[in-house]
Amino acid sequence: MFKRIATVSLSLALVGGMLAGCGGNNGNDTSNNSGTTNGGAASDKPVTINMFTASPEYTDAFNAYIAEYKKVKPNVTINLEIMQADYNTVLKSKIASGSTPDVFQTTAGGDIDTFAEYSADLTSEPLAAAMTDGVRTNMTSSDGKVLGLPIKGNLMTLIYNKKLLTDAGIAAPPKTLTELNDDIAKLQAKGITPFANAYKEWWVWKHIFQHFVNAAAEDAGTTPKDLVQQFIDGKTTFNDHPILKDNFFNFIDLTVKNGTDKPLERDSNAEVSDFAQGKAAFMTGKGAWDEEAIKKISPDIQIGIAGYPVSEKPEQALIVTGADQALRINKDSKVAREAIDFFNWLYTSDYGKQWFSSVAKVIPPIKDAPLPDLDMPKEMEEILKTEKSGDLSVNYSLDTFHQKFGEIMQAYIGKSKSKDQAISEIQTAWQQFGSAE
């Protein structure tokens, strides 16, 4: 999911920047795991690391850790290039032309294997040991190698405005589709629009759909990973899974019918603005990463999180947690060792442990780091004391599939494709684009 904010393309060269040494994969590295070096003239030579990411929302946070690392390695410069639109296309073009960045971003899960041949093996590095178990799994290839490092842990959930629900006489967010329909009627009776959507974005669709995939897998007596593989292999169809064939499309229809106007023109920024200004009670397709943007608009808003109501089984309304984005270190980069040293420092130093929660204000992907002082992570922590988390099943398909899926769903709500056409094309896309194999 390469998320939100209008298209941003920038290159930030930080003079005096980071990291030590040069020569990368020449076998002469003298670096230790703290990001310092054990001596030698080479460690004082200027080093430049080119980092290409698709997360403009973390520009300030990235700049902060770059500036802090400057104190550790004053001879290193990190060139940070951040792009939102067409990131996947541009990254593949860079790789095809032989100009793979020293550090680049991909989705996790299946894409860990897709980009394996370009990725340094991080399995034995301190940063891998520092990851939480679940996050490490999301960064691990099919042959057991840790090939990525997460920007953050994540939380995908239905987000709601507590005050608006209370104003409509709703004591708790809906856990079933029947409850959802009842709550929609209550909100409308009070003149409150139920849903803010960002259906102009292709990536929001996968965050909604995965909740239905998880429930469909449970009903089928299998795991989300195995169910997705069955679709990729062409061994099952939507007809076998009413939650996908009916419940998912019914849910989408409800959000369009009872949502903000012109859904195909509402992007991520517009959705955040709509929700923050109290124009809608629920926010679809998003997660914890949006809290700061919401509160910049409305500092006093009371935000709640809930699993999507996907069926008539309340226990299937689960929040989803995990890591769906990965940074990769180009194994053939001349500064691969230096880049690894940098991230070892970020994942193991006292500064790094507080950077995730206090600077980036994200759910830390590493052990022994505090949660950020934000509503959604705090609610997540409380929910997970009594409920399990849903599987991050977006990781079992490639983003090439997810992008096509989003485009098909956009055509469906734009009424240029029927439900049957959309289902047929989704199933075909899963077989064509769902796997790296």
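Residues numbered from 1 in each chain as written. Predicted model: local features only at pLDDT ≥ 70, side-chain atom pairs only at ≥ 80, totals over all residues. Heavy atoms only, no water.

## Looking at the pairing of strand S2 (residues 47-53)
Convention followed: Here's how the labels work: a residue is buried when its accessible area is under 20% of the maximum for its type, exposed when over 50%, partly exposed in between, all with a 1.4 Å probe on protein chains only. Every helix listed is a DSSP run of H or I at least four residues long, and every strand listed is a run of E at least two residues long, numbered separately from the N terminus. What makes two strands pair is DSSP finding at least two bridges between them. Note on handedness: a crossover is taken as right-handed if, strands pointing away from the viewer, the path from the first strand over the helix to the second is clockwise.
For S2, the tally of buried residues reaches five of seven residues, placing the bulk of the element in the interior. Judged from the seven bridges that link them, S2 and strand S3 (residues 76-83) form a sheet pairing that is parallel. Directly across from Asn-50, in S3, lies its bridge partner Asn-79. The β-α-β motif built from S2, the intervening helix H1 (residues 59-70) and the parallel element S3 has right-handed crossover chirality. The sheet contact formed by S2 and strand S4 (residues 103-107) spans two bridges and is parallel. Directly across from Phe-52, in S4, lies its bridge partner Phe-104.

## Observations regarding H1
Condition: The length a helix should cover is 1.5 Å for every residue beyond the first. Of all possible arcs, the one meant is that of the directions from the helix axis to the C-beta atoms.
Helix length check: H1 (twelve residues) gives 17 Å between terminal C-alpha atoms against 16 Å at 1.5 Å per residue, within 8%. The complete set of buried residues in H1 reads Thr-59, Ala-61, Phe-62, Tyr-65, Ile-66 and Tyr-69. Projection of H1 onto a plane perpendicular to its axis shows the buried side chains occupying an angular sector of 165 degrees, all on one side.

## Some remarks on the nonpolar core
Our working rule: The term nonpolar core refers to a set of buried residues drawn from Ala, Val, Leu, Ile, Met, Phe, Trp, Tyr and Cys, joined through side-chain atoms within 4.5 Å. In what follows, residue pairs with any heavy atoms lying within 4.5 Å of each other are defined as contacts.
Tyr-65, Ile-329 and Phe-343 are the most contacted members of the largest nonpolar core, which has 105 residues in total. Looking at this core, the element that brings in the most residues is helix H8 (residues 204-219), giving nine residues. Beyond its immediate chain neighbours, meaning those up to four positions away, Ile-329 contacts Asp-102, Val-103, Tyr-118, Ser-119, Ala-120, Leu-122, Leu-149, Ala-336, Ala-339, Ile-340 and Phe-343. Counting 18 residues, the second-largest nonpolar core is a separate cluster that includes Ile-159, Ala-280, Ala-288 and Ile-301.

## With respect to the pairing of strand S6 (residues 154-161)
A large share of S6 lies buried, amounting to eight of its eight residues. Both S6 and strand S10 (residues 320-322) contribute to a ladder of three bridges, which runs antiparallel. Within the sheet, the bridge partner assigned to Met-156 lies in S10 and is Val-320. Bridge count for S6 against strand S8 (residues 282-287) is four bridges, and the pairing is antiparallel. Residue pairing across strands places Met-156 opposite Gly-287, the latter belonging to S8.

## What to know about unusual backbone geometry
The phi angle at Asp-368 is positive, at roughly 60 degrees, despite the residue not being glycine. Despite not being glycine, Lys-415 has its phi angle at roughly 70 degrees, a positive value. You can see Lys-415 is positioned in the loop between helix H16 (399-413) and helix H17 (419-433). Among the residues examined, Lys-415 registers a relative accessible area of 75% and is labelled exposed.

## A closer look at the packing of H8 against helix H9 (residues 224-232)
How we decide: Note on definitions: angles span 0 to 180 degrees between N-to-C directions of axes, and those axes are lines fitted to C-alpha atoms, for helices only across the stretch in contact. We call two directions roughly parallel when the angle between them is under 35 degrees, roughly antiparallel when it is over 145, roughly perpendicular when it lies between 65 and 115, and oblique otherwise. Under the scheme applied here, ten amino acids are nonpolar (Ala, Val, Leu, Ile, Met, Phe, Trp, Tyr, Cys and Pro), four are charged (Asp, Glu, Lys and Arg), and all others, including Gly, are polar.
Contact geometry for H8 and H9: axes closest at 8 Å, N-to-C directions at 95 degrees. Taken together, H8 and H9 sit at an angle that is classed as roughly perpendicular. Contacts from Val-213, Asn-214, Ala-216 and Ala-217 of H8 reach H9 at Pro-224, Leu-227 and Val-228. Class assignment of the residues belonging to the contact of H8 with H9 gives a composition of six nonpolar, one polar and no charged.

## With respect to the environment of Leu-164
Take Leu-164: it is sitting in helix H6 (residues 162-167). For Leu-164, a relative accessible area of 12% corresponds to the buried category. Considered as a pair, Leu-164 and Ile-192 are 28 residues apart in the sequence and their alpha carbons are 7.5 Å apart. Filtering out sequence-adjacent residues up to four positions away, Leu-164 remains in contact with Leu-187, Ile-192, Gly-278, Ala-280 and Ala-281.

## Observations concerning the side chain of Glu-379
Tracing the backbone shows Glu-379 in helix H15 (residues 375-383). In this structure Glu-379 touches Lys-162, Ile-303, Gly-304 and Ile-305, once residues within four positions along its chain are discounted.

## Quick look at the packing of aromatic side chains
We apply this condition: Under the pairing criterion, centres of Phe, Tyr and Trp rings, with the six-membered ring standing for Trp, must be within 6.5 Å; the plane angle then separates stacked pairs below 30 degrees from edge-to-face pairs above 60, leaving the rest tilted. We count a charge as sitting over a ring when the NZ of a lysine or the CZ of an arginine lies within 6 Å of the ring centre and within 35 degrees of the ring normal.
Tallied over the full model, the rule gives 31 aromatic pairs. Note that Lys-94 overlies the ring of Phe-52, its terminal NZ or CZ placed 4.9 Å from the centroid.

## Focus: helix H11 (residues 268-276)
Here is the rule we go by: We call two N or O atoms a polar contact when they sit within 3.5 Å, provided that within protein one can donate a hydrogen and the other can accept it, with sequence-adjacent residues counted only if both atoms are side-chain atoms.
The buried fraction of H11 is high, at seven of nine residues. For H11, the set of buried residues is Ser-268, Ala-270, Glu-271, Val-272, Asp-274, Phe-275 and Ala-276. Contacts made by the buried residues of H11 are with S6, strand S7 (195-196), S8, helix H12 (291-297) and strand S9 (303-306). Sitting at the amino-terminal end of H11 is Asp-267, which places a side-chain oxygen 3.3 Å from the backbone nitrogen of Asn-269. With its phi angle positive at about 75 degrees, Gly-278 sits one or two positions after the end of H11.

## Brief notes about the confidence of the model for the protein chain
For clarity, the threshold we go by: Per-residue confidence from the prediction method is given by pLDDT, with values spanning 0 to 100.
Per-chain confidence: the protein chain averages 88 in pLDDT, with 89% of residues scoring 70 or above. Scored below 50 in pLDDT, residues 1-42 shows 163 contacts in the model against residues more than four places distant or in partner chains.

## Here we look at the pattern of salt bridges
Inclusion rule: Any carboxyl oxygen of Asp or Glu within 4 Å of a side-chain nitrogen of Lys or Arg constitutes a salt bridge here.
Summed over the entire model, instances satisfying the criterion amount to 21 salt bridges. Here Glu-68 ties to Lys-71 by a salt bridge, and the two come within 3.2 Å at their closest N and O atoms. Among the residues examined, Lys-71 registers a relative accessible area of 64% and is labelled exposed. A salt bridge links Lys-385 to Glu-382; the nearest nitrogen and oxygen atoms lie 2.8 Å apart. Overall, Lys-385 belongs to the exposed group, its relative accessible area being 58%. Residue classification places Glu-382 among the partly exposed residues on the basis of a relative accessible area of 46%. Three or more residues are tied together by salt bridges with common partners; here these are Glu-125, Arg-337 and Asp-341.

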